[in-house]
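Chain and residue survey
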Amino acid sequence: MKAQLIRITVGMAFAGVTSMASALTQYNVDLVFMEPDTQPRNTIFSGSFSYDAATRTVSQLEGFLTESMTGTASGAAPYYDMTQLQLTHQLASWYDSTLGGSFAAVFLKDTTATFTTMFGGDGWSPSAGVANSGLYAGFPGAYSSSVQNAYALIFVPDDPLAALTQAQIDKLAYADCAPGGMMGATCMTGTSLSGYGSVGTMSGYPLSQTITAAVPEPETYAMFLAGLGLLGAAAKRRRGC
């Protein structure tokens, strides 16, 4: 009975440590879109996500998107007192074998509806935004009753910490149809000529993306050490049988 209990204890401890070893890896991500018309203010997305290297899956993407038509040039760089939209809804992701990595998009609202579909498209993708001239979802209906969405599109290479190639940077994008991102009926966007056939609605384009490993929380280390402690204690009991 004692030996059986030890085996169960060892099994539980090993399962806990194994689960931690295969847990999702946490990363921080920062995107910068050059905005020629609102200098020195650029559009910046700062966020975090989880990544499963085995399945190349991005999850839990969230963060803040600045609105470069807000703020003041006298504010502290790089945010210059700009309004920041909190994006918390990751609603799209896919793997691109040609570019060697995964795309993920996080939205302001719990819907992908961002652009009108008057001229075709899926209503949110950068290509749809270009095809529809950045007009907001619901146009020509009243903006006041529209979705007023926003999103950021990131790219995670197979090696998340590897520097992006220019071809990968060219496929980054954002859209801002919230009040601070509107120019009449047109949403502020950031796209590249090489990636989507056009720069953004205010000439914005992706400049850089940086991914860094997130620092584990203290409780993560505590759980890991606790698991190791259980393993050690169980092994000691077994030797004492």
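We now turn to the structure provided with this report. Keep in mind that this is a model prediction, so the values were computed, not measured.

Glancing now at the overall build of the protein chain. Across its full length, the protein chain holds five helices and eleven strands. Contacts in the protein chain between residues at least 24 apart in sequence constitute 57% of all its contacts with a sequence separation of at least 6. Carbon and sulfur atoms make up 59% of the accessible area of the protein chain, which amounts to about 11700 Å² in all.

With that out of the way, let us pick up the sheet that holds strand E1 (residues 25-34). Reading across the sheet, the five strands line up as E4-E3-E2-E1-E11 and stay open at both edges, with antiparallel pairing between neighbours. Single-partner strands in this sheet number two, and they are strand E4 (83-87) and strand E11 (205-213). Each neighbouring strand pair of the sheet contributes to a mean axis angle of 20°, computed without reference to strand direction.

Taken in spatial order, the six strands line up as E5-E6-E7-E8-E10-E9 in an open sheet, and their pairing is antiparallel. Edge strands, defined here as strands with exactly one partner in the open sheet, are strand E5 (89-96) and strand E9 (182-183). In this sheet, strand E7 (residues 150-157) lies alongside strand E6 (residues 101-107) in antiparallel orientation, the contact comprising seven bridges. Following the sheet pairing, Ala 104 is matched in E7 by Ile 154.

Moving on, we come to the side chain of Glu 67. Of note, Glu 67 is situated in strand E3 (residues 57-67). A polar side-chain atom of Glu 67 sits 3.5 Å from the main-chain amide nitrogen of Gly 180. In contact with Glu 67, other than residues within four places in its own chain, are Met 82, Thr 83, Leu 85, Asp 176, Ala 178, Gly 180 and Gly 181.

The next subject is the nonpolar core. In this structure, Val 29, Phe 45, Phe 49, Leu 61, Leu 87 and Ile 154 are the most contacted members of the largest nonpolar core, which totals 44 residues. In this view, Leu 87 contacts Phe 45, Glu 62, Gly 63, Leu 65, Val 106, Phe 107, Leu 108, Ala 150, Tyr 151 and Ala 152; residues no more than four positions away in its chain are not counted.

This paragraph deals with the environment of Asp 81. With respect to the helices, strands and loops of the structure, Asp 81 is situated in the loop between E3 and E4. C-alpha separation for the pair Asp 81 and Gly 71, spaced ten residues apart in sequence, amounts to 4.5 Å. Each residue touching Asp 81, except ones within four places of it in the same chain, is listed here: Gly 71, Thr 72 and Gly 75. Within polar-contact distance, the side chain of Asp 81 engages the side chain of Thr 72 at 3.4 Å.

Rules and cut-offs
- Residues take numbers from 1 onward in each chain, read along the sequence in its written order.
- Local features in this predicted model are restricted to residues of pLDDT 70 or higher, and side-chain atom pairs are both shown and tallied only at a pLDDT of 80 or more, whereas totals for entire chains, interfaces and linings draw on every residue.
- By convention in this description, side-chain values take in all heavy atoms of the structure and omit both hydrogens and water.
- What counts as a helix is a DSSP run of H or I of at least four residues, what counts as a strand is a run of E of at least two, and both are numbered from the N terminus.
- Residue contacts are counted whenever heavy atoms from the two residues lie within 4.5 Å of one another.
- Note that accessible areas follow from Shrake-Rupley with a 1.4 Å probe, and for residues the cover is restricted to the protein chains shown.
- In this analysis, strands are considered paired if DSSP registers two or more bridges between them.
- Structural elements are reduced to axes, namely lines fitted to C-alpha atoms, with helices fitted over the stretch in contact, and the angle between N-to-C directions of any two is expressed from 0 to 180 degrees.
- The definition of a polar contact used here is a pair of N or O atoms within 3.5 Å, where within protein one atom must be able to donate a hydrogen and the other to accept one, and adjacent residues in sequence count solely through side-chain atom pairs.
- Note on terminology: a nonpolar core comprises buried Ala, Val, Leu, Ile, Met, Phe, Trp, Tyr and Cys residues joined through side-chain atoms within 4.5 Å.
- Note on exposure labels: buried denotes an accessible area under 20% of the residue type's maximum, exposed denotes more than 50%, and partly exposed covers the range between, all computed with a 1.4 Å probe on protein chains only.

Function-wise, these values are silent; they only describe arrangement.
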